[in-house]
Amino acid sequence: MAERRGAILAWRVCVGAVLLTLWQGLVWLKVLDPFFVSRPTDIARRVIDWTLSGSIWQHLATTLEESLLGLLIGSALGISLGFSLGRSPLLARVLDPYITMLNAVPRVVLAPLFLLWFGLGIWSKVALAVSLVFFVMFFNTYQGVRDADRVLVDNVRMLGATERQLVRHVLVPSALTWIFSSLQTSLGFAMVGAVVGEYLGATRGLGYVISQAEGTFDTTGVFAGMTVLAVVVVIVSAGVTRLERWLLRWKV
Amino acid sequence: MTAIEFDRVSRDFAAPDGRSYRALDDISFTVSAGAFVAIVGPSGCGKSTLLNIAAGLLAPSAGRVRVDGEALAGLNRRATYMFQQDALLPWKTVRDNVALGLTLGGVARPVAHARAAEWLGRVGLAGFGEHYPAQLSGGMRKRAAMAQHWIIDRGLMLMDEPFSALDVHTRVRMETELLALWEIRSAESLALQPSEIRSAESLALQPSGGRAQPSGGRAFQASQIRKTVIFVTHDLEEAIALADEVIVLSAGPSARVVARHAVTLDRPRDLMELRTSPAFIELYRALWGVLREEVARSQRTVEPPRG
């Protein structure tokens, strides 16, 4: 198993190295114009510059703060509504068309509205992240509550559970398995929301850095911004995977 | 003393096409306290429906059920119900699962855990308390489920083909253990000794739940004898091997009781030997004559929805 993991890691590095070499090589051979696609060495240098000068940290911190707030608020709202509707089929049927309608609205269209409502600061970005995270969490919670195994419910009731105990011991854990398995998706959405929000109008954040670079046709800056974002996502998502494995440890 | 009485119980279901479909039709029988009754019938005849009604999970469309003489309304709080499927909560450890009936009832966690540990030992799962259900084999999960239900000690035990998913050897072992648990009641070796009763709290923990009830005398006696068991199975051999009485249901729809047959084999029974004894074989022949017809009938009719 450990051997296999090592082999997979080696292959991963290979794939990355081949792609980057290809990129660098094609630019070097003048097949690609560095004005449009930059080159890996320049991008790496830029990322190192940013890190060493420390200029990137405040942007990164802003983006992470917005994402985290978006994730927390969106989850809280989505989970509560999912739970309420899961427990009340009548309410679910009444609200169903509205939820479908809201979910169909492209969030990019909402971003300028949020800017107008919440200003250029972090809250317009948080709102955008919330609008994305909310639906993932809502649908998963709703599904989890409704899909709670009938036999588990009956068994616990026969063992003497009150309605509240039923919710606590069966319905919540059942929904949590769905919620945890969607953490990864929600986190991705939260970051997308934050970055897109910054991109459209902000004074700080990775999205702001990227849009500034684009404004001056600085492709190296654009790619460097994307690189930082990508690395952060990989690190955070590895953390989430670990958390998820611990929370769902009973699933062998 | 009657533990549970089915009084002209019928149950209808709405079929997918909107018409009403009668699963059980006018079922009447009584089970006396401390008896082990097996219900057999072809698959889809409504055996599970009957148990769900006895458990109070399902209301009869007509007729009524009386438990200890009282009409049943809502959940049957004097019964435990062991399902055919796995019903352990997958996110709780085996120990927490076994203790669940106690903790739900407000018993303090350390006390409940101590009792759960005792029961885990009794069903051969000592040392598995910290495992999650998914880490156990099918047979071990059944043992845990058995402990989960025996620990709360109610007078009536409903069992819906609890061992049908197990391989044949594990199954005989589980049947043997079930009988041992059930028969041991008369010897009272499961009861806590007075010295073990430490506080009012542990009153609710006594294996003979009847004693904790203020209504006293009669329940006291009944629980001192044995639990009443209603055991549903499609396997006639299993039914005869375990039960004092076998009730045969007809093929559905509109299943009725077509035969009741007392099983007079001596107890304690050796399930390994029993199946080849002449008395067992004779009983099997007599009952199979009835059941065979119903099975054939159920195969002629279109497979009805399962209840």
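Residues numbered from 1 in each chain as written. Chains lettered and ligands numbered in written order. Predicted model: local features only at pLDDT ≥ 70, side-chain atom pairs only at ≥ 80, totals over all residues.

**Some remarks on the overall build of chain A**
Cut-off, in case you're wondering: Helix numbers and strand numbers start at the N terminus; a helix is a DSSP run of H or I with at least 4 residues, a strand a run of E with at least 2. Whether two residues are in contact is decided by their C-beta atoms, placed from the backbone, lying within 7 Å.
Each helix and strand in chain A was counted, giving twelve helices and zero strands. Going from the N terminus to the C terminus, chain A shows its helices and strands as α-α-α-α-α-α-α-α-α-α-α-α. By principal-axis analysis of the C-alpha atoms, chain A measures approximately 75 × 55 × 30 Å. Sequence-distant contacts in chain A: of pairs separated by 6 or more residues, those separated by 24 or more amount to 74%.

**Description of helix H10 (residues 183-200) of chain A**
Formally: What a helix should span is 1.5 Å times the count of its residues minus one. Each residue is classified by how many other C-beta atoms fall within 10 Å of its C-beta atom, where C-beta atoms are placed from the backbone; a count of 20 or more means buried, 12 or fewer means exposed, and values in between mean partly exposed.
With 18 residues, H10(A) should cover 26 Å at 1.5 Å per step; its first-to-last C-alpha distance of 26 Å lies within 8% of that length. Most of H10(A) sits out of view: 13 of its 18 residues are buried.

**Looking at the sheet that holds strand E9 (residues 245-249) of chain B**
Paired through backbone hydrogen bonds, the strands of a sheet run either parallel or antiparallel to each other. All names here are of chain B. Selection rule: Two strands pair under a simple rule: DSSP has to find at least two bridges between them. Simply put, an axis is a line fit to the C-alpha atoms, just over the touching stretch for a helix, and the angle between two N-to-C directions goes from 0 to 180 degrees.
Taken in spatial order, the six strands of this open sheet run E6-E7-E8-E3-E9-E10, and their pairing is mixed. One side of each edge strand has no neighbouring strand; the edge strands of this open sheet are strand E6 (79-82) and strand E10 (257-262). Geometrically, the sheet is characterised by an average inter-axis angle of 15° between neighbouring strands, direction not taken into account. With five bridges connecting them, strand E3 (residues 36-40) and strand E8 (residues 228-233) associate as parallel partners. Paired with valine 37 across the strands is isoleucine 230, a residue of E8.

**Re the domain arrangement of chain A**
How large an interface is tends to be reported as the accessible area lost when its parts come together. Quick reminder of the rule: Domain start and stop points were drawn from an automatic or database domain assignment.
According to the domain assignment, chain A contains domain 1 (1-32) and domain 2 (44-247). One C-alpha centre belongs to domain 1 of chain A, the other to domain 2 of chain A; they are set 31 Å apart.

**Focus on the environment of A:Gly144**
Residue and element names in this part refer to chain A. Assignment of secondary structure puts glycine 144 in helix H7 (residues 122-146). Classification of glycine 144 as buried rests on a count of 25 C-beta atoms within 10 Å. Glycine 144 sits 71 residues away from isoleucine 73 along the chain, and the two C-alpha atoms are 20 Å apart. Those residues in contact with glycine 144 that lie beyond four places of it in its chain are Ser174, Ala175, Thr177, Trp178 and Ile179.

**Considerations on the sheet that holds strand E4 (residues 62-67) of chain B**
Residues and elements named next belong to chain B. In spatial order, the strands read E2-E1-E4-E5; together these four strands make up an open sheet with antiparallel pairing. Either end of the sheet is taken by a strand with one partner, and the two such strands are strand E2 (20-32) and strand E5 (70-71). Pairing geometry for strand E1 (residues 2-14) and E4, over five bridges, is antiparallel. Bridged to phenylalanine 6 within E4 is valine 65.

**Considerations on the interface of chain A and chain B**
Note the threshold: Side-chain classes follow a simple rule in which Ala, Val, Leu, Ile, Met, Phe, Trp, Tyr, Cys and Pro form the nonpolar group, Asp, Glu, Lys and Arg form the charged group, and the remainder, Gly included, forms the polar group.
Facing 16 residues of chain A, the contacting portion of chain B comprises 19 residues. Secondary-structure elements contributing two or more residues to the side of chain A that touches chain B are helix H8 (150-158) and helix H9 (163-181) of chain A. Tallying contributions element by element places H8(A) first for the side of chain A that touches chain B, with six residues. Taken together, the residues of the side of chain A that touches chain B sort by class into nine nonpolar, four polar and three charged.

**Quick look at the confidence of the model for chain B**
Residue and element names in this part refer to chain B. Using the following cut-off: Every residue is assigned a pLDDT by the predictor, reflecting its confidence on a scale from 0 to 100.
For chain B, per-residue confidence averages 83 on the pLDDT scale, and residues scoring 70 or more make up 84% of the total. Within the model, pLDDT remains below 50 along residues 186-223, and this stretch shows 49 contacts once partners closer than five positions in the same chain are excluded. In the model output, the complex is listed with pTM 0.74 alongside ipTM 0.80.

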